[in-house]
Amino acid sequence: MIRVEHLKKEYTTKKGTVIGVNDVSLTIERGEIFGIVGYSGAGKSSLLRCLNLLEKPTSGNVQVDGTNLGNLKEKELREARQKIGMIFQHFYLVSSKTVFDNIAFALKAAGKTKKEMESKVTELLELVGLSDKRDVFPSQLSGGQKQRVGIARALANDPKVLLCDEATSALDPSTTKSILSLLKKINLDLGLTIVLITHEMEVVKDICDRIAVMENGRIVEIGRVYDVFSKPTQELTRSFINSVLDFDLPEHILKKSTGTIVKITFQGSVAEESVVSDMIQKFKVKGNILHGKIEYIQGTPLGIFVMELKGESTEIAMAAEYLRNRTQNLEVIQND
Ligand SMILES: Nc1ncnc2c1ncn2[C@@H]1O[C@H](COP(=O)(O)OP(=O)(O)O)[C@@H](O)[C@H]1O
Ligand SMILES: [Mg+2]
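Note that residues are indexed from 1 along each chain, following the sequence as it is written. Working convention: letters from A go to chains and numbers from 1 go to ligands, in the order in which they are written. In keeping with the predicted nature of the model, local features appear solely for residues at pLDDT of at least 70, side-chain atom pairs appear and are counted solely at 80 or more, and the whole-chain, interface and lining totals rest on all residues. To get the side-chain values, take all heavy atoms of the structure and skip hydrogens and water.

K.L.:
What is the right way to look at unusual backbone geometry in this model?
P.N.:
Note on backbone geometry: most residues besides glycine have negative phi, and most peptide bonds are trans. In this structure, H6 takes a positive phi of about 45 degrees despite not being glycine. Segments assigned H or I by DSSP are reported as helices when at least four residues long, segments assigned E as strands when at least two residues long, and all are numbered from the N terminus. Counting through the fold element by element, H6 comes out in strand 1 (residues 2–13). A 1.4 Å probe rolled over the protein chains alone gives each residue an accessible area, and that area as a share of the maximum for its type sets the label: buried under 20%, exposed over 50%, partly exposed in between. H6 gets classed as exposed once you look at its relative accessible area, which sits at 52%. Although it is not a glycine, D23 adopts a positive phi angle of roughly 60 degrees. Among the structural elements, D23 can be located in strand 2 (residues 16–28).

Below, the structure is given as structure tokens:
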């Protein structure tokens, strides 16, 4: 669906060349919700803007639905762009136009008749839940409502792809949730492919199928959200994940404890099984849960427990080995 090959974007500034995107290759499947995370300046927006050629790549290719955007003439490119909608953190609504006109504007640009505009805008307002706001001005809307207008406008020309640049970053958590469920609904109902950039892992955890983590213009980690959350390979990814899951053991608890401390990651159905109680029955150890949490990532449980094990060292070693085999991951944080 979207194929990016060896994409490079450099900016020429007074101070010299700045690298936005550095040799990124990536395939995003049709119907997927693909998240891109990274700190500010990582190159997320540069990459996203190259996907609809708002930004011209310095080198490399961008293909959408088999069409290489770089080969298109001006008019063809304009048409191709209409099939790629985009929404932004700051909405960019025209303050002097009503909600209706803000959305209709995108249709006018595509040469639609008045009648076509009327029926399409009505349909879009219903889709985003703003039918009663059609004649009001943006200043009369809340942030969440403004983003709904942004979404309706982005969908006006029936795009196949929706690019979202920090679309929920200016919204409070509950409004963020409602916008995310709208995006998910659009993804399911319309089969839209969504590429979503964010610095909030909560957003990724809620709706993305796969994510890429960016740093210094490069993708440093990529995978299915569940896999990345349960087995991150990069320190950077871990720090993002911790912002949501907060699995680290508080220092004061670590200091007080005297036994062997292990951290266990449970994935999928294992999180619901009685691994810990089985272990305590099988071996002569006392297990004391110091810290723990089960999170649901796209409906699949991911649990992390930090346990203190007390008993004879050979029993502890066997118990730890048992846990290691029954779960995905066991890390010894502190030895007795
Ligand atoms: N129009 C521009 N001109 C010059 N440098 C830019 C421009 N846009 C982005 N950059 C630089 O490219 C790098 C990546 O920026 P950006 O893509 O905005 O990252 P992110 O969206 O992850 O914050 C940064 O160093 C930024 O300063
Ligand atoms: Mg950005």
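More follows now that the structure is in view.
K.L.:
Is there a simple way to think about the pattern of salt bridges in this case?
P.N.:
Any Lys or Arg side-chain nitrogen found within 4 Å of a carboxyl oxygen on Asp or Glu counts as a salt bridge. For the coordinates displayed, the defined rule picks out 18 salt bridges. A salt bridge links R49 to E55; the shortest N-O distance between them is 2.8 Å. Within this structure, E202, K205, K293 and E295 form a network of salt bridges that share partners.

K.L.:
What's the story with the site of ligand 1 in this structure? I'm lost.
P.N.:
The local shell around ligand 1 holds 14 residues, among which G41, G43, K44, S45 and S46 are the closest. Within the backbone of G43, an N or O atom sits 3.0 Å from an oxygen atom of ligand 1. If you list the elements that add at least two residues to the shell around ligand 1, you get strand 1, strand 2 and helix 1 (44–51). Of the residues forming the shell around ligand 1, the biggest block, 4 residues, is contributed by helix 1. By convention in this text, a residue qualifies as near a molecule or strand provided that one of its non-hydrogen atoms is within 4 Å of it. Counting of polar contacts relies on pairs of N or O atoms within 3.5 Å, with two restrictions inside protein: one atom must be capable of donating a hydrogen and the other of accepting it, and residues adjacent in sequence are counted only when both atoms are side-chain atoms.

K.L.:
How should the sheet that holds strand 3 (residues 33–37) be read in this particular structure?
P.N.:
Paired through backbone hydrogen bonds, the strands of a sheet run either parallel or antiparallel to each other. In short, DSSP must find at least two bridges between two strands for them to pair. In spatial order, the strands read 6-7-8-3-9-10; together these 6 strands make up an open sheet with mixed pairing. Either end of the sheet is taken by a strand with one partner, and the two such strands are strand 6 (84–88) and strand 10 (218–224). Strand after strand, the sheet turns through a mean of 15 degrees between neighbouring axes, direction not considered. By definition, residues are in contact when any of their heavy atoms lie within 4.5 Å. Axes here mean lines fitted to C-alpha atoms, for a helix over just the part in contact, with angles spanning 0 to 180 degrees between N-to-C directions. The sheet strands contacting helix 6 (residues 173–190) are strand 3, strand 6, strand 7 (161–165) and strand 8 (193–198), and the helix crosses strand 8 at an angle near 155 degrees.

K.L.:
Where do I start with the packing of helix 5 (residues 143–154) against helix 6 in this structure?
P.N.:
A packed helix pair is summarised by two numbers, namely the angle formed by the two axes and the spacing between the axes. Look at helix 5 against helix 6: their axes get within 10 Å of each other, and the N-to-C directions meet at 20 degrees. Taken together, the axes of helix 5 and helix 6 are roughly parallel relative to one another. Considering how the two elements wind past one another, helix 5 and helix 6 form a crossing that is right-handed. Contact residues: helix 5 offers G144, Q147, R148 and I151, while helix 6 offers T175, S178, I179, L182, L183 and I186. Tallied by class, the residues present in the contact of helix 5 with helix 6 amount to 5 nonpolar, 4 polar and 1 charged. Should an angle fall under 35 degrees it is taken as roughly parallel, and over 145 as roughly antiparallel, whereas 65 to 115 is taken as roughly perpendicular and any remaining angle as oblique. In a left-handed crossing the near helix is turned counterclockwise from the far helix by less than a right angle, and in a right-handed crossing that turn is clockwise. Three classes are used, and their members are as follows: Ala, Val, Leu, Ile, Met, Phe, Trp, Tyr, Cys and Pro are nonpolar, Asp, Glu, Lys and Arg are charged, and the others, Gly among them, are polar.

K.L.:
Would you explain the pairing of strand 11 (residues 260–267) in this entry?
P.N.:
When a strand is regular, its side chains alternate between the sheet's two faces. The buried count for strand 11 comes to 8 of 8 residues, which makes it a mostly enclosed element. Of the two faces of strand 11, the one carrying T260, V262, I264 and F266 and the one carrying I261, K263, T265 and Q267 are both buried. Bridge count between strand 11 and strand 13 (residues 300–311): 8 bridges; the pairing is antiparallel. Within the sheet, the bridge partner assigned to F266 lies in strand 13 and is G303. With 5 bridges connecting them, strand 11 and strand 14 (residues 329–334) associate as antiparallel partners. The partner of T265 across the bridge, within strand 14, is N329.

K.L.:
Help me out: how do you make sense of the packing of helix 3 (residues 99–109) against helix 4 (residues 114–127) in this one?
P.N.:
Where helix 3 contacts helix 4, the two axes come as close as 10 Å, and the packing angle between them is 125 degrees. Compared by their axis directions, helix 3 and helix 4 come out oblique. As helix 3 runs across helix 4, the sense of the crossing is right-handed. Across the interface between the two elements, V99, F100, I103, A104, L107 and K108 of helix 3 pack against M117, E118, K120, V121, L124 and L125 of helix 4. Among the residues making up the contact of helix 3 with helix 4, the classes are represented as 9 nonpolar, no polar and 3 charged.

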